[in-house]
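Structure at a glance
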Amino acid sequence: MSLLNASQIMEIIPHRQPFMLLDTIEEMEAGKRVLAKKCVSYNEPFFAGHFPGEPVMPGVLIVEAMAQAGAVAMLAQPELKGKTAYFAGIQAAKFKQKVVPGDVLLLEVEIVKVRGPIGLGKGTATVNGKLAASAEITFAIGSEAE
């Protein structure tokens, strides 16, 4: 059974359809690590153009899904309730295999450093136990009004 469902995730991060890229949170240590799940459906809006006849989830959206998972881990901390996590950088992104309709993407993010409102997470995305993508994600925590 999942730790958080989509409705509960939306209570933590501001993302909504069609841009919310998480279905469930499977495991989490707030502020430290998270394991999230994205069930990749043929009905995803990006598949209409990426690519006709050979649908492939864009790598940038896999990294975005990692970032959303990391944001849930950070913003689940009571002292950060109501804040927003913003992308501040992407380093060392690597893509190892295609992600296609029917795949279940497991997104694991470890928060490795936080200094004030800036932090760094290391993420991986796997399908059937095989690495699909990895990246280092720098984030900034701010209020929604900033």
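Further up the page is the structure itself.
Residues numbered from 1 in each chain as written. Predicted model: local features only at pLDDT ≥ 70, side-chain atom pairs only at ≥ 80, totals over all residues. Heavy atoms only, no water.

1. Quick look at the overall build of the protein chain
Condition: Per the convention used, a helix needs a DSSP run of H or I reaching at least four residues, while a strand needs a run of E reaching at least two, with both numbered from the N terminus. Computation of the radius of gyration draws on C-alpha atoms alone. For the globule rule, the value is 2.2 Å times the number of residues to the power 0.38. Buried means the residue's accessible area, taken with a 1.4 Å probe over protein chains only, is under 20% of the maximum for its type, while exposed means over 50%, and partly exposed covers the values in between. Contacts are residue-level and defined by heavy atoms, with any inter-residue pair within 4.5 Å sufficient. All accessible-area figures derive from a Shrake-Rupley calculation using a 1.4 Å probe, and residue coverage is judged against the displayed protein chains alone. In this tally Asp and Glu are treated as negative and Lys and Arg as positive; neither His nor the chain ends contributes. Working definition for charges: the position is that of NZ of Lys, CZ of Arg, CG of Asp or CD of Glu.
When helices and strands are tallied, the protein chain shows two helices and six strands. When the helices and strands of the protein chain are read in sequence order from the N terminus, they spell out α-β-β-α-β-β-β-β. Taking 2.2 N^0.38 as the reference for a compact globule, 146 residues should give roughly 15 Å; the C-alpha atoms of the protein chain span a radius of gyration of 15 Å, in line with that estimate. When the 146 residues of the protein chain are sorted by exposure, 44% land in the buried category. Of the contacts formed within the protein chain by residues at least 6 apart in sequence, a portion of 60% connects residues at least 24 apart. Split by element, the accessible area of the protein chain, about 7,800 Å² in all, is 55% carbon and sulfur. Side-chain charges in the protein chain split into 14 positive and 15 negative, and the spacing between the mean points of these groups amounts to 5 Å.

2. Here we look at the nonpolar core
The following threshold applies: We call a set of buried Ala, Val, Leu, Ile, Met, Phe, Trp, Tyr and Cys residues a nonpolar core when their side-chain atoms join them within 4.5 Å.
Residues Leu22, Met57, Met66, Leu105 and Leu107 are the most contacted members of the largest nonpolar core, which totals 39 residues. Sorting the residues of this core by element identifies strand 2 (33-39), helix 2 (59-75), strand 4 (104-115), strand 5 (118-127) and strand 6 (130-143) as the ones contributing at least two each. Ranked by residue count, the leading element in this core is helix 2, at 12 residues. Those residues in contact with Met66 that sit more than four places away from it in its chain are Leu107, Val109, Gly123, Thr124, Ala125, Ala133, Ser134, Ala135 and Ile137.

3. Some words on the pattern of salt bridges
Inclusion rule: The working definition used for a salt bridge is a side-chain nitrogen of Lys or Arg within 4 Å of a carboxyl oxygen of Asp or Glu.
This structure, assessed with the given rule, holds five salt bridges. A salt bridge links Arg33 to Glu27; the shortest N-O distance between them is 3.0 Å. Using a relative accessible area of 22% as the deciding quantity, one classes Arg33 as partly exposed. Of the residues examined, Glu27 reaches a relative accessible area of 38% and is grouped as partly exposed.

4. Looking at the side chain of Asp103
For clarity, the cut-off: Under this definition, polar contacts are N or O atom pairs within 3.5 Å; protein pairs additionally need one hydrogen-donor-capable and one acceptor-capable atom, and for neighbouring residues in sequence, both atoms have to be side-chain atoms.
Within the secondary structure, Asp103 sits in the loop between strand 3 (83-95) and strand 4. Although buried, Asp103 forms no salt bridge, and the nearest oppositely charged side chain, Lys98, lies 9.4 Å from it. At 2.9 Å, the side chain of Asp103 forms a polar contact with the backbone nitrogen of Val100. If we ignore the near neighbours within four places in the chain, the residues touching Asp103 are Lys38, Cys39, Val40, Lys98 and Val127.

5. Some words on the sheet that holds strand 1 (residues 24-29)
The condition is simple: Two strands pair if DSSP finds at least two bridges between them. Angular values range over 0 to 180 degrees, each being the angle between N-to-C directions of two axes fitted as lines to C-alpha atoms, with helices fitted over their stretch in contact.
The six strands lie next to each other as 1-2-4-5-6-3, forming an open sheet whose pairing is antiparallel. The open sheet has two edge strands with one neighbour each: strand 1 and strand 3. Each adjacent strand pair in this sheet contributes to an overall mean axis angle of 20 degrees, direction not counted.

6. Thoughts on helix 2
Defined as follows: For a helix, the expected span equals 1.5 Å multiplied by the number of residues minus one.
Between its first and last C-alpha, helix 2 extends 24 Å over 17 residues, near the 24 Å set by a 1.5 Å rise per residue. For helix 2, the tally of buried residues reaches 15 of 17 residues, placing the bulk of the element in the interior.

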